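# Coordinate analysis (summary)
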Amino acid sequence: MKTIEPGTEAPPTILTGNQAAAWGAFLSRVQVVSAYPITPQTTVIETLADLTARADWPNRFVNVESEHSAMAVCIGASYGGVRTFTATSSQGLALMHELLHWAAGGRLPVVLVDVNRAMAPGWSIWTDQQDSLSQRDTGWAQFYCSSVQDILDHVILAFRMAEEASVPVMVVEDAFVLSHTAEAVSLPAPAEVDRFLPPRRPAFSLDVEKPRAFGGLLGPDWYQEVRKDLHESLLRLGDAAPRIYGEWERLTGRSYAPVEAWGVEDADVVLLTSGAVSSTAREVVATLRARRKRVGLVQVRMFRPFPGERLREVLRGVPKVAVLDRNCSFGHHGIFHQELKSALYSMEAAERPRIYGYVLGLGGRDVGPRALQEVVRLTEVREAPEPETTWIGAVLPEGPEQEHEEGVR
Amino acid sequence: MTPAAIPKIDGDPIVHRGHLACPGCAATPAYRMALQVLGRRTIVAAPACCFAVIDGAFPHSASGVPFLHTAFEASPAYASGVRAALDVKGETDTNVLVWAGDGGTFDIGLQALSAAAERNENLLYVCYDNEAYMNTGIQRSSATPRGAWTTTTPAGHTKVEVKKDLGEIMAAHRIPYFATASISHPDDMMAKFEKARKLRGFRMIHYFSPCPTGWKADSRHMVELGRRAVESGLFPLYEIFDGERLVINHRPAWTPLREYVSLQGRFKHFRDEDVAAMEAEARAAWERLEHRARLNAGP
Ligand SMILES: Cc1ncc(C[n+]2csc(CCOP(=O)(O)OP(=O)(O)O)c2C)c(N)n1
Ligand SMILES: [Mg+2]
């Protein structure tokens, strides 16, 4: 097999979201990868297995029997001081749940790509955010991508942020809409990535010359300090993100921010989105503005740490915000909706927007321009938000009768 | 009762005094002996089990080598990750030792264990088998012997299921080395650690670990209990190479099992027929071992 330096062959310029995730990890010179296949994540690890097999630096791809062990391998290897990566979706991420706490509590800069997929039952392979948002409180940073380029860049950015802050980072992309959709991407030159992301220098690791115990019994006199440090490190990651994005922009010309805003200054209604829906929303906002409707858009890219301060700045004085949630905290609200409410609560009443919550697009139901225009219309006509979240497009008609064939089980 | 000598450690011990094991714990001397054989270029991965406590609470550790606490069900996978990192860094001569209880091995960790064995990861896995979940207060595991009392198999509802055969399970994975060991036969045990150290790939030692707290036994009797288990044929000493060649290391004296049972409160309710049934099971298991050993010897 031929060895290649990333970028010495004519690099692909058209990639799917999943291939871009794999290229991001490859360009980051990942050293240990461990993963378990699940639709729609599979092409991430297939592509990465192929790329790392041709890498000219020592690396290992550990084929495990479950996502649970995939994360355990990443944790063990990360304690060993090397750069580790995995990718998964829905059921796989849920299976990892306990270990996500171990990775964050261990302060390990593991990077994980989650391809957003709805949770069973019933089986769905299509996109929504229930899987990743169910892991909200594990201590992982989370970034929601809205294009293929975004994914590639964010895997590299994630390693940089993770290693700087000693916290694990999850990069999230929508099933199929991004994972299997090919777009033109610009691959950064390996030398540029190397400058941006030097080899990992762990603050601590398993070292026979310096024997230490990791993860042992922690009494009430220590535990809270350690958790506070994790919390503060995540907050610091939030503060550092604009600087790190700035460095990336100087290197590649591509700019990102934890919160991105379009047409907010004069808006009557601002849509608040995350993930691939943001791209559709940009189109809708452009269309509506062309019709002289004062509509704006805020895309939340960084979900943990939550960019509350930035959102308060951006939304100050905006009359109405419509939050789109491709998820639901059952029995309460969509999750971005409740997060935004809590972040804006401290604002002066006169400056605080009214917040309208909409749940839509669960289990891969398409969220097209019509649905978004309906959200804008409902928000315009309603003087005050409904007390409960509004569900868009869930019409609950008489469900189709399920057909059981005689004799077939 | 003959006192058995636990070998003295020459030189600087790797496992220090001040650990938090119960008096008479048989797992701790085995841990000390294992590390003495493996040496300081060793990294330990241990799941939730008594050793999560025994090694000491932060900021203390009784181990003079790096000690990684892992999730209960995942120590073979953590260790595989540590191995991968060491190999990538070129530290191929550093040993990775998994030190796990029977719960973490026979039960909740069996999936990750099977997978690591199937991949033939270059690890040494020691299961210290005290035949129950001791750390959480003596609940049954699938390594608990039939008939034993535990807090979840209480008087009148003692365990009815037979103990899993770990040797058969691991042999089916065709791992390079599997061996059983007992504190009553320390030279045999040290030799097995040494043999395991020199081999590569997935190696496992199944260590019989009497537990005074969980077995309701006198802490002075731990070595004696090991001896009686071996000599009554209940816990045979053997090795399996590559999942194929089985070598019996010691022929039991077939001392009455009553002598073993009578030292433990967990068998307090045993009538003669219970002891006889246990003896019959031990005989049958022994015959299977002998049969296997003969097969390997060839025609
Ligand atoms: C996922 C999970 N389930 C349960 C526990 C609780 N737990 C900790 S140790 C233990 C029993 C360990 O038994 P064993 O492996 O036999 O080791 P021993 O305590 O006997 O040394 C249990 C049930 C846990 N830590 N994690
Ligand atoms: Mg036990």
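Thresholds, definitions, all that
Residues numbered from 1 in each chain as written. Chains lettered and ligands numbered in written order. Predicted model: local features only at pLDDT ≥ 70, side-chain atom pairs only at ≥ 80, totals over all residues. Heavy atoms only, no water. Contact = heavy atoms within 4.5 Å. Buried area = accessible area lost by both parts, 1.4 Å probe. Salt bridge = Lys/Arg side-chain N within 4 Å of Asp/Glu carboxyl O. Polar contact = N/O pair within 3.5 Å; in protein donor to acceptor, adjacent residues only side chain to side chain. Helix = DSSP H or I, 4+ residues; strand = E, 2+ residues; numbered from the N terminus. Nonpolar A, V, L, I, M, F, W, Y, C, P; charged D, E, K, R; others polar. Buried < 20%, exposed > 50% of the residue type's maximum accessible area, 1.4 Å probe, protein only. Pairing = 2+ DSSP bridges. Axes fitted to C-alpha atoms, helices over the stretch in contact; angles between N-to-C directions. Core = buried A, V, L, I, M, F, W, Y, C linked by side-chain atoms within 4.5 Å. Domains from an automatic or database assignment. Right-handed = clockwise from strand over helix to strand, strands pointing away. Near = heavy atom within 4 Å. Areas by Shrake-Rupley, 256 points an atom, 1.4 Å probe, with all protein chains shown as cover. Phe/Tyr/Trp six-rings, centres within 6.5 Å; stacked < 30°, edge-to-face > 60°. Lys NZ or Arg CZ within 6 Å of the ring centre and 35° of its normal.

When the parts of a complex come together, some accessible area is lost, and that lost area is often taken as the interface size. Chain B puts 38 residues into the contact, and the matching count from chain A is 36 residues. Here chain B and chain A share an interface that buries about 2800 Å² over both sides, 67% of which is from carbon and sulfur atoms. The largest contributions to the chain B side of the interface with chain A come from Phe 58, Tyr 78 and Val 88 of chain B, which together make up 21% of the buried area. Seen at the junction of chain B and chain A, the total is 3 salt bridges. If you look at where chain B meets chain A, you find 9 residue pairs in polar contact (both at pLDDT 80 or more). Counting residues per element, the ones that place at least two in the side of chain B that touches chain A are strand S1 (42-46), strand S2 (67-69), helix H3 (75-88) and helix H5 (110-118) of chain B. Residue contributions to the side of chain B that touches chain A peak at 10 residues, all from H3 of chain B. When its residues are assigned to classes, the side of chain B that touches chain A shows 19 nonpolar, 10 polar and 9 charged.

Looking now at the pairing of strand S7 (residues 238-241) of chain B. Taking every second residue as pointing to the same face, both faces of S7 of chain B are buried, with Tyr 238 and Ile 240 of chain B on one and Glu 239 and Phe 241 of chain B on the other. Once S7 of chain B ends, the chain turns through 3 residues before running back antiparallel as strand S8 (residues 245-248) of chain B, passing Asp 242 of chain B with a positive phi of about 55 degrees.

For the rest of this paragraph, the subject is the sheet that holds S7 of chain B. In space, the 9 strands of this open sheet follow the order S9(A)-S2(B)-S1(B)-S3(B)-S4(B)-S6(B)-S5(B)-S7(B)-S8(B), with mixed pairing throughout. Of all strands in the sheet, those with a lone pairing partner are strand S9 (213-214) of chain A together with S8 of chain B, marking the two edges. Relative to strand S3 (residues 95-101) of chain B, S1 of chain B is paired through 4 bridges, and the arrangement is parallel. What sits directly across from Val 44 of chain B, in S3 of chain B, is Leu 97 of chain B. Those strands touched by helix H7 (residues 186-198) of chain B are S3, strand S4 (124-129), strand S5 (177-182), strand S6 (203-208) and S7 of chain B, and its axis lies near 155 degrees from that of S5 of chain B.

Further remarks concern the pattern of salt bridges. One pass over the full model with this rule turns up 51 salt bridges over all chains. Across the pair Lys 192 of chain B and Asp 188 of chain B runs a salt bridge, and its minimum N-O distance is 2.9 Å. Here the residue Lys 192 of chain B and the residue Asp 188 of chain B both occupy positions in helix H7, the gap between them amounting to 4 residues, near one helical turn. Since its relative accessible area comes to 21%, Asp 188 of chain B is described here as partly exposed. Among the ionic pairs, Glu 290 of chain B bridges to Arg 251 of chain B, the shortest N-O distance being 2.5 Å. With a gap of 39 residues between them, Glu 290 of chain B in helix H11 (residues 272-297) and Arg 251 of chain B in the loop between S8 and helix H10 (257-261) connect regions that are remote in the sequence. Its relative accessible area of 52% is what places Arg 251 of chain B among the exposed residues. When salt bridges that share partners are traced, they join Arg 60 of chain A together with Arg 83, Asp 87, Arg 119 and Glu 121 of chain B into one network.

Our next topic: the nonpolar core. Counting 145 residues, the largest nonpolar core has Met 71, Phe 85, Leu 272, Val 298 and Leu 315 of chain A together with Phe 202 of chain B as the members making the most contacts within it. Per-element accounting of this core gives the leading share, 11 residues, to helix H7 (residues 148-165) of chain A. Looking at which domains feed residues into this core, each of domain 1 (14-252) and domain 2 (259-391) of chain A gives three or more. In terms of nonpolar packing, the next biggest core, distinct from the first, is built from 58 residues, Ala 46, Val 126, Phe 193 and Met 278 of chain B among them.

To continue, consider the pairing of strand S6 (residues 141-144) of chain A. All names here are of chain A. Burial along S6 is two-sided: Ala 141 and Phe 143 facing one way and Gln 142 and Tyr 144 facing the other are all buried. Sheet analysis places S6 next to strand S7 (residues 169-174), joined by 4 bridges and oriented parallel. Within the sheet, the bridge partner assigned to Gln 142 lies in S7 and is Met 170. In this region the chain leaves S6, passes through H7 and returns to the parallel neighbour S7; the handedness of that crossover is right-handed. When S6 meets strand S13 (residues 302-304), the two strands line up antiparallel, connected through 2 bridges. Following the sheet pairing, Gln 142 is matched in S13 by Arg 304.

Among the 18 residues in the neighbourhood of ligand 1, the closest are listed as Cys 50, Gly 103, Gly 104, Tyr 128 and Asn 135 of chain B. Looking at the residues close to ligand 1, they fall on chains A and B. In the environment of ligand 1, an oxygen atom lies 3.0 Å from a nitrogen or oxygen atom belonging to the side chain of Asp 102 of chain B. Between ligand 1 and Asn 135 of chain B there is a distance of 2.7 Å, counted from an oxygen atom to a backbone nitrogen or oxygen. Burial of ligand 1 by the surrounding chains reaches 76%, relative to a free accessible area of 590 Å². With 3 residues, helix H4 (residues 102-107) of chain B is the single largest residue contributor to the shell around ligand 1.

All told, the structure shown has 28 aromatic pairs over all chains when counted by the stated rule. Ring geometry for Trp 23 of chain A versus Phe 26 of chain A: centroids 5.6 Å apart, planes at 85 degrees, classification edge-to-face. Here Trp 23 of chain A and its partner Phe 26 of chain A are both found in helix H1 (residues 17-27), 3 residues apart, which amounts to about one turn of the helix. Using a relative accessible area of 10% as the deciding quantity, one classes Trp 23 of chain A as buried. With a centroid separation of 6.0 Å and 40 degrees between ring planes, the pair formed by Phe 178 of chain B and Tyr 238 of chain B is classed as tilted. Of this pair, Phe 178 of chain B sits in strand S5 while Tyr 238 of chain B sits in strand S7; the two residues are 60 residues apart in sequence, bridging distant segments of the chain. According to the relative accessible area criterion, Tyr 238 of chain B is buried, its value standing at 8%. An aromatic cluster is present here, built from Phe 208, Trp 215, Phe 235, Tyr 260, Phe 267 and Phe 270 of chain B joined pairwise through their rings. Positioned over the ring face of Trp 254 of chain B is Arg 283 of chain B, at 3.8 Å from the centre of the ring.

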